[in-house]
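Listed below are the residues making up each chain.
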Amino acid sequence: MIEWRDDLSRWRQIVTIIKRRIESGEYPPGRMLTECAFMEEFGVAEVTARKAFAGLRERGLVYTRHALRSFVGPELEEEWRS
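Quick caveat: nothing in here was measured; it's all calculated off a predicted structure.

A.B. asks: Teacher, can you tell me more about the overall build of the protein here?
C.D. replies: The secondary structure content of the protein amounts to four helices and three strands. Seen in sequence order, the protein has helices and strands lined up from the N terminus as α-β-α-α-β-β-α. The buried share among the 82 residues of the protein stands at 34%. Nonlocal contacts in the protein, meaning residues at least 24 apart in sequence, comprise 43% of its contacts between residues at least 6 apart. Surface summary for the protein: the accessible area is close to 5700 Å², and the carbon and sulfur share equals 50%.

A.B. asks: Whenever I open this one, the side chain of Thr-48 confuses me. Can you help?
C.D. replies: Summarising the element assignment, Thr-48 is placed in helix H3 (residues 46-58). If we ignore the near neighbours within four places in the chain, the residues touching Thr-48 are Arg-10, Trp-11 and Ile-14.

A.B. asks: Would you explain the nonpolar core in this entry?
C.D. replies: Residues Ile-14, Ile-18, Ile-22, Leu-33, Phe-38, Phe-42 and Leu-56 are the most contacted members of the largest nonpolar core, which totals 19 residues. Counting residues per element, the ones that place at least two in this core are helix H1 (10-24), helix H2 (35-42) and H3. By residue number, the principal contributor to this core is H1, which donates six residues. Setting aside chain neighbours within four positions, we find Leu-33 in contact with Ile-18, Tyr-27, Phe-38, Phe-53, Val-62, Ser-70 and Val-72.

A.B. asks: Help me out: how do you make sense of H1 in this one?
C.D. replies: Quick reminder: α-helices carry 3.6 residues per turn. Residues three or four places apart thus point the same way. Between the first and last C-alpha of H1 there are 21 Å, a value that for 15 residues agrees with the 21 Å anticipated at 1.5 Å per step. Buried residues of H1: Trp-11, Gln-13, Ile-14, Val-15, Ile-17, Ile-18, Arg-21 and Ile-22, and no others.

A.B. asks: Got a minute to help me understand the packing of H1 against H3 in this structure?
C.D. replies: The packing of two helices is summarised by the inter-axis angle and the distance between the axes. The N-to-C vectors of H1 and H3 enclose an angle of 50°; their axes lie 8 Å apart at closest approach. One element, H1, and the other, H3, form an angle in the oblique class. Two packed elements cross with a definite hand, and for H1 against H3 that hand is right-handed. Facing Arg-10, Trp-11, Ile-14, Val-15, Ile-18 and Lys-19 of H1, the residues of H3 in contact are Thr-48, Lys-51, Ala-52, Gly-55 and Leu-56.

Calculation criteria
- Residues numbered from 1 in each chain as written.
- Predicted model: local features only at pLDDT ≥ 70, side-chain atom pairs only at ≥ 80, totals over all residues.
- Heavy atoms only, no water.
- Helix = DSSP H or I, 4+ residues; strand = E, 2+ residues; numbered from the N terminus.
- Buried < 20%, exposed > 50% of the residue type's maximum accessible area, 1.4 Å probe, protein only.
- Contact = heavy atoms within 4.5 Å.
- Areas by Shrake-Rupley, 256 points an atom, 1.4 Å probe, with all protein chains shown as cover.
- Core = buried A, V, L, I, M, F, W, Y, C linked by side-chain atoms within 4.5 Å.
- Expected span 1.5 Å × (residues − 1).
- Axes fitted to C-alpha atoms, helices over the stretch in contact; angles between N-to-C directions.
- Parallel < 35°, antiparallel > 145°, perpendicular 65-115°, else oblique.
- Left-handed = near helix turned anticlockwise from the far one by under 90°.

Spelled out as structure tokens, the structure:
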């Protein structure tokens, strides 16, 4: 269970958690992430999960393709060719 801080929005806390998982290798490049999984794991609303994804994209930690699928890592040009 997540112990939420009162001084920081939940979506920002999720970004921090996911960033740590990516940096530790727990979430390797290419791993698919979904808003639904965030909603279930963190017990947050859809809008909160979307904000977390936006924050992760802004930091270059994930990229979104095909509107609803997000993946760990920077988007590589050759991936579009496959």
